[in-house]
Amino acid sequence: PTREREAMFLNVRSLVDLDPEPDLRVEGGGQAGPPSGRAHGDLSLLRRSSLEDREKEIREKGSEILREQLDAAKKELKLKDKECERLSQVRNQLEQELEELTASLFEEAHKMVREANVKRAASEKRLKEAQGKIDVLQAEVTALKTLVLTSTPSSPNRQLHPQLQSPSTRGAYKHHSRNKSMSGTIPSLAGRAEPSSVSIQPVSKEEREMDSVLYAEFLLWKENPSLERSSAFLSRVYSEDVGPCLSFTRSELSQRVQSAVESNSLTIEPVAVSAPPVVKASATECGGPNGFRAAVETKCALSGMSRLCRHRIKLGDKGSYHFISPSSRARIAAVCNFFTYIRYIQQGLVRHDAEQMFWEVMRLRREMTTARLGFYVADQG
């Protein structure tokens, strides 16, 4: 617009750029004299009318130019109005979409919060239930530990070992040593803890003196207790007590019995006493998974001697039953009691000092020696 305006002013200037007093020249050179008064008036009128025409023409051209500029400005304003309207629509649409998105986000957030609250409530409920179960289990474990710690081979706990109850209350008893840590062998030792129960002259007071070599070997083993024979302590016990105590006439079966005791897979089971009268039977007839369920006078599977067999043993889960005499049972039970106690020590269940543990081990070794020599308590059941 500025350039157009400047061009318009230049046109106007060129139109009004007239010579008010033109030179009057005559032919032949020289200057004409001043015009007459009438001629001068005509010239003034002519000049004035020419100026008015030109001014009028200038005004018309200026008006036309301004109208064109106004029309162009109006068109531009209309375009800008349309653009503004379009942008306003876009803005409104964006604002609506933003509101919808915000509303959906808030709804989703509230939904997630509700789900989280429900899950938290369920988790807290499960946690309380789990804590209750844990408390019950801890109470049961504490009770079991109390029973185990108060039960030793010399004084077994009758609640932990129901086979020690009277025959009328305990019924038929079957003991798996691997599940009860050979605790079923303890009944044979209940009355054997005192020498007076094996027809030996009672002693008013028993004196004892610790062997320093044996005690040193025991302490060395106790630092890292295991059932391996590599230690001096267990090597001595095997050679002096376990081996001789489990050495029977039937050597092959004796070795299998010792292996079952070491692996804690030996089963000692009493034979029911409510059976027909005593029957003579061979050792072969007494073997097998379905052996006699009565006290039978037969050959002991270990010693080979005819005895009244009130117990039978099984080696492992799928082994055959073998009837054994009371003396053989007492010898096996003594060895099982020893292994039960050292397993307690290995598992950290014995809460005594080293000296008390040592004397308990010595007492169990003495029981193995006594049983090997033929002394045992007869089962009155």
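Up top you'll find the structure we're talking about.
Because the structure is predicted, anything quoted here is derived from the model rather than measured. (Residues numbered from 1 in each chain as written. Predicted model: local features only at pLDDT ≥ 70, side-chain atom pairs only at ≥ 80, totals over all residues. Heavy atoms only, no water.)

J.: Explain the pattern of salt bridges here, please?
T.: Opposite charge on two side chains allows them to pair when their charged atoms are near. The full count for this structure, using the stated rule, is 13 salt bridges. Measuring nitrogen to oxygen at the nearest pair gives 2.5 Å for the salt bridge that ties Glu 206 to Arg 366. Of this pair, Glu 206 sits in the loop between helix 4 (177-180) and helix 5 (212-223) while Arg 366 sits in helix 10 (residues 354-372), placing them 160 residues apart in sequence. Among the ionic pairs, Arg 365 bridges to Asp 241, the shortest N-O distance being 2.3 Å. Pair noted here: Arg 365 is in helix 10 and Asp 241 is in helix 6 (residues 232-245), with a separation of 124 residues, a long-range link. For the pair formed by Arg 365 and Asp 241, the shared burial category is buried. By sharing partners, the salt bridges in this structure join Glu 217, Arg 236, Glu 240, Asp 241 and Arg 365 into a single network. (Salt bridge = Lys/Arg side-chain N within 4 Å of Asp/Glu carboxyl O. Helix = DSSP H or I, 4+ residues; strand = E, 2+ residues; numbered from the N terminus. Buried < 20%, exposed > 50% of the residue type's maximum accessible area, 1.4 Å probe, protein only.)

J.: Honestly, empty space enclosed by the protein in this entry has me stumped. Any pointers?
T.: It is the rolling of a water-molecule-sized probe over the atoms that shows where space remains empty. A full pass over the atoms with the stated rule returns one cavity of 30 Å³ or more. Taken as a whole, the largest cavity encloses approximately 30 Å³ of empty space. Lining the largest cavity are Leu 214, Glu 217, Phe 233, Arg 236, Val 237, Met 362 and Arg 365. Among the secondary structure elements, those contributing two or more residues to the lining of the largest cavity are helix 5, helix 6 and helix 10. By residue number, the principal contributor to the lining of the largest cavity is helix 6, which donates three residues. When its residues are assigned to classes, the lining of the largest cavity shows four nonpolar, no polar and three charged. (1 Å grid on protein atoms, 1.4 Å probe; cavity = no way out; pocket = protein on both sides within 12 Å on 5 of 7 lines; lining within 4 Å. Points joined across faces, edges and corners; volume = space filled by probe spheres on them. Nonpolar A, V, L, I, M, F, W, Y, C, P; charged D, E, K, R; others polar.)

J.: What exactly am I supposed to notice about the packing of helix 6 against helix 9 (residues 326-346) here?
T.: How two helices pack is summed up by the angle between their axes together with the distance between the axes. Two elements in contact, helix 6 and helix 9, have axes separated by 9 Å at closest approach and are oriented at 160 degrees. On the basis of their axis angle, the class for helix 6 and helix 9 is roughly antiparallel. Between helix 6 and helix 9 lies a crossing of left-handed hand. Note on element contacts: helix 9 touches helix 6 through Arg 331, Val 335, Phe 338, Phe 339 and Ile 342, opposite Phe 233, Leu 234, Val 237, Tyr 238, Val 242, Pro 244 and Cys 245. Here the contact of helix 6 with helix 9 is built from residues that sort into 11 nonpolar, no polar and one charged. (Axes fitted to C-alpha atoms, helices over the stretch in contact; angles between N-to-C directions. Parallel < 35°, antiparallel > 145°, perpendicular 65-115°, else oblique. Left-handed = near helix turned anticlockwise from the far one by under 90°. Contact = heavy atoms within 4.5 Å.)

J.: It is not clear to me how unusual backbone geometry should be interpreted in this structure. Could you clarify?
T.: Residues apart from glycine generally show negative phi values, whereas peptide bonds are mostly found in trans. For Asn 264, which is not glycine, the phi torsion reads 60 degrees and is therefore positive. Mapped onto the secondary structure, Asn 264 falls in the loop between helix 7 (251-262) and strand 2 (266-270).

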